[in-house]
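Observations on the model geometry
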Amino acid sequence: MAAMAGGGDESETTTTTTLDGTTDRSGKAAVRSKTGTWRACPFILGNECCERLAYYGMSSNLVNYMIDRLHQGNAAAANNVSNWSGTCYVMPLLGAFLADAYLGRYRTIAAFMALYIVGLTLLTMSAAVPGLRPPPDGGGAVTAGQSAAFFVALYLIAVGTGGIKPCVSSFGADQFDDADPRERQSKSSFFNWFYMSINVGALVASSVLVWVQMNVGWGWGFGIPAAAMAVAVASFLLGSKLYRHQKPGGSPLTRMLQVAVAAWRKGKQPVPADASLLHEASAVSAIQGSRKLEHTEQFRWLDRAAVVTADEEDKDGKNPNPWRLCTVTQVEELKSVIRLLPVWASGIVMSAVYSQMSTMFVLQGNTLDPRMGSGAGAFKIPSASLSIFDTLSVIAWAPAYDRLVVPAARRWTGHPRGFTQLQRMGIGLAVSVLSMLAAGALEVARLRVAASHGMLDDSTNYLPISIFWQVPQYFIIGAAEVFTFIGQIEFFYDQAPDAMRSMGTALSLTSSALGSYLSALLVSVVTAVTTRNGGLGWIPDNLNRGHLDYFFWLLSVLSVVNFVVYLWIAKWYRYKQATTSYELSSV
């Protein structure tokens, strides 16, 4: 906690209020000495830690619940988990839009947490209450009502977690004034602490809660996450007096559409070589809560939206129709979003690799020997609990990155952060390939052991291979996360326009959604193709007769191709150029 204690709690500036337009909860300018910085962040980090404990506590072992209690096959259960996980990462677009445009981040978080609690409560009831609880094996078929209660609960949770996810990290970063050098430096530290809090919650979930689900019962296994979410709500609300709030800047979708329409209407207008001739608000940005953005040369066809025609010049720039004439800052907002899209797309395959931890890695682990020790009293570790090694990897790599990797890289590159944000993400993409190679190599060894021990048709007993041989693939994914996912959080917050930072964070999260959907699509396509003519396919219910290794090789090839494309994208990308000071609209 030394970083939190000494990370710039008080600014040296003599200004008593913040300069970035943030307000306190009463709507007045935020006072530096009473709001924000590290005094407010523990409540936000506590909320995130407990919320992630709740999320991973009910999701890490979800594929086994669907197989054991809903009696689904391996492929069907993996697809259902992937589709649900994808929805969790699509819903951030809704939460981010409401936060940036109308509600603000605080009220959006509070509203979606209420839905989250309802979903977790219903999920607990569906696993514990007679009538809603599915019958055990041999106890009859799962009814439509039981299945409906489970999936309604699941997708209420998806809406809740998705709605708050893009807002929490942005709301935490809002507690630091960009116009103050010391607070701005602390903002970088916040993202590391934020990701650390995620993994502390995940650590408890993947160890304690998965064990509870497998050994005590699913009612308790889902009830504890519901209680953790209640603690998350309490933690967040307790800090209400200390928070700084960014005012919503109106609909970003409307602003971007105005630029597109205005540029189309002026399709035949030449764009002046001198960018100073383009329309811009004179003193302050016309977008509340946003700095002015400097003109860039990319996508010059959009600059037509800011070209002042003779008719508009006669009006002396008074109250221009925003569907005909836009400011340079408004045009650059759309350019910034367009530039982010290729970087965003490059994260989809990495997210598909990451999603294997809750699907294929668990199915692979179900066939391995989970015993620690020998004899009847040996402790059995659930396969879903192996994700604890991903979490431990992140907890180990995050401080190592700051204290070892960055200083070493700084001497080599001369960059203050060691690597640029794009370089950091690229390293993670390369590392993720190794995790699929490790998983594929283990699967080849597993199939050979199954054949040599005459267990190809035995899907009920464990193979004589320790489940801990899966540790390398989990640990490598954790290392890739530290480079790519933390880099993404900071990159999309930093590079998104000021009034669209929740949307920027949501955009990065949707790559995780599409990664889950890509994983589900690959499973469906692979199953359809490989089961033609009565074949068992790569991923049958009895994995000893399948070829899960082929699926891992497929993901390895896709990851290599994705990395090569990313190198071109990173070379093409141009970082956002904003004015150094915040000039806020009074409207």
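Residues numbered from 1 in each chain as written. Predicted model: local features only at pLDDT ≥ 70, side-chain atom pairs only at ≥ 80, totals over all residues. Heavy atoms only, no water.

1. Considering the overall build of the chain
Here is the rule we go by: Helix numbers and strand numbers start at the N terminus; a helix is a DSSP run of H or I with at least 4 residues, a strand a run of E with at least 2. Radius of gyration means the value over C-alpha atoms here, while the globule rule gives 2.2 Å times the residue count to the 0.38 power. Burial status follows relative accessibility: with a 1.4 Å probe on protein chains alone, a residue under 20% of its type maximum counts as buried, one over 50% as exposed, and anything between as partly exposed.
For the chain, the count of helices and strands is 19 helices and 4 strands. What you see for the chain is a C-alpha radius of gyration of 26 Å, in line with the 25 Å of a compact globule of 587 residues. Dimensions along the principal axes, computed over C-alpha positions, put the chain at roughly 85 × 55 × 50 Å. Looking at the 587 residues of the chain, the share that counts as buried comes to 56%.

2. Observations concerning the pattern of salt bridges
Formally: Whenever Lys or Arg places a side-chain nitrogen within 4 Å of a carboxyl oxygen from Asp or Glu, that contact is recorded as a salt bridge.
Tallying each qualifying case throughout the model produces 14 salt bridges. The salt bridge involving glutamate 297 is made with arginine 300; its shortest N-O contact spans 3.1 Å. Assessed through its relative accessible area of 52%, glutamate 297 is described here as exposed. One salt bridge in this structure joins aspartate 303 and arginine 300, with 3.8 Å as the shortest N-O distance. The class for arginine 300 is partly exposed, based on a relative accessible area of 25%. By sharing partners, the salt bridges in this structure join Glu297, Arg300, Asp303, Glu332, Lys335 and Arg339 into a single network.

3. So, the state of the cysteines
How we decide: The criterion for a disulfide is a pair of cysteine sulfur atoms lying within 2.5 Å.
As enumerated under the stated definition, the model contains 0 disulfides in all. Among the cysteines around cysteine 41, which has no disulfide bond, cysteine 49 carries the closest sulfur, lying 15 Å off.

4. A few points about unusual backbone geometry
If you check the backbone angles, threonine 37 has positive phi at about 50 degrees while not being a glycine. Assignment of secondary structure puts threonine 37 in helix α2 (residues 37–59). The class for threonine 37 is buried, based on a relative accessible area of 0%. With a phi close to 60 degrees, histidine 71 is a non-glycine residue in the positive phi region. Following the sequence through the fold, histidine 71 ends up in the loop between α3 (62–68) and α4 (74–90). Judged by relative accessible area, histidine 71 falls into the partly exposed class, the value being 33%.

Spatial relationships are all this shows, so hold off on functional conclusions.
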